[in-house]
Amino acid sequence: MPAPKSMQAMVLDRAGRPLKPAELPVPMPGPNQILLKVAACGVCRTDLHIVDGELTHPKLPLVLGHEIVGRVEALGAGVEGFAPGMRVGVPWLGYTDGTCSYCRESRENLCDHPRFTGYQIDGGYAGYTVADARYVFPLPEGYSDAEAAPLLCAGLIGYRSLKMTGDPQARTPARLGIYGFGAAAHIVAQVARHQGREVYAFTRAGDAKAQEFALSLGAVWAGSSEERPPQELDAAIIFASVGALVPLALKALRKGGVVVCGGIHMSDIPSVPYEILWEERVLRSVANLTRADAREFLALAPTVPVQTTVVPMPLNRANEALERLRQGELTGAAVLIP
Ligand SMILES: [Zn+2]
Ligand SMILES: [Zn+2]
């Protein structure tokens, strides 16, 4: 059955405005592109940063969404290795130039001329989308479409953040703090535990629901971000976009520990006395993902096995999904179903 001519989409016209429902033409796949019928699309905090104008210069009007699970509908010229009906995933990294110094050093996540899905390229808050086949991945079986969606950003970038915290075998048990227990954290906690790490979960003060959720996923301790953990941490990942968490996380580290900021945007980091960084503590960020990260994590997830907790919502309730994410009301990841 050929794709219809038009589709429903939720469109960002201008930063600071709610998304608008719209009827758009179904895009045509160009050379190296595939047309996908969207089955599910995860809602990520980065989407909120784009809507709020904290990430500047998006393509406008824009279809958000970079955790896309879809089925191949049609292939553009030159595409190999995909067939109609295949289930695939589209992540944030949508294009790299392949020629800049970073691409040549296998650090395409830092490419000088990248394009990102749901930012410079229309994404998955729609009935259909086109994607560059070189940045599209087969998805593991055993996950429903909605369950697979959060693997594609919360999972991938969460996993890259986890790798930046160092070797879990260097010390047993390696103690990992996670600040902000949302979609990325709920996946990373499972992988970390699988690697033999102890997970310490930090949430907004009084968020008993998030703390219970963390404990149910195997965290050995859950408390408020202002609390000191019962043990010094070897590493911490901050997924919340709150700069004030950086000094708190640094203070929770043992000597030589590392704090990884896993988000794309964060409020300002307050000034800190040098002594909380001293003794070879490290503070670093993580940017985007490489295709190697994607292949590695999508192979690893079903072996853990990572189980995702999702809140499916119809596509036309995208604004509500974003608002619930903003308010910290979601347990797990919101996923839009067109
Ligand atoms: Zn490049
Ligand atoms: Zn994301």
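The rules we used
- Residues numbered from 1 in each chain as written.
- Chains lettered and ligands numbered in written order.
- Predicted model: local features only at pLDDT ≥ 70, side-chain atom pairs only at ≥ 80, totals over all residues.
- Pairing = 2+ DSSP bridges.
- Helix = DSSP H or I, 4+ residues; strand = E, 2+ residues; numbered from the N terminus.
- Axes fitted to C-alpha atoms, helices over the stretch in contact; angles between N-to-C directions.
- Buried ≥ 20, exposed ≤ 12 C-beta atoms within 10 Å, placed from the backbone.
- Contact = placed C-beta atoms within 7 Å.
- Domains from an automatic or database assignment.
- Nonpolar A, V, L, I, M, F, W, Y, C, P; charged D, E, K, R; others polar.

1. Things to note about the sheet that holds strand β16 (residues 282–285)
Taken together, 6 strands build an open sheet; the order of strands is β13-β12-β11-β14-β15-β16 and the sheet is parallel. Two strands lie at the open edges of the sheet, namely β13 (221–224) and β16, each paired on one side alone. Sheet twist, expressed as the average angle between the axes of neighbouring strands with direction ignored, equals 20 degrees.

2. Comments concerning the environment of R45
By secondary structure assignment, the location of R45 is in helix α1 (residues 45–51). Take R45: there are 22 C-beta atoms within 10 Å of it, and that puts it in the buried class. For the pair R45 and A184, spaced 139 residues apart in sequence, the C-alpha separation works out to 9.8 Å. Contact partners of R45, with chain neighbours within four places excluded, come to S241, G263 and L325.

3. Focus on the domain arrangement of the chain
When its domains are assigned, the chain resolves into domain 1 (6–150 + 288–337) and domain 2 (165–285). Between the C-alpha centres of domain 1 and domain 2 the distance comes to 27 Å. Contacts between domain 1 and domain 2 engage 16 residues on the former and 15 residues on the latter. Of all the elements, α1 adds the most residues to the side of domain 1 that touches domain 2, at 3 residues. Taken together, the residues of the side of domain 1 that touches domain 2 break down into 6 nonpolar, 8 polar and 2 charged.

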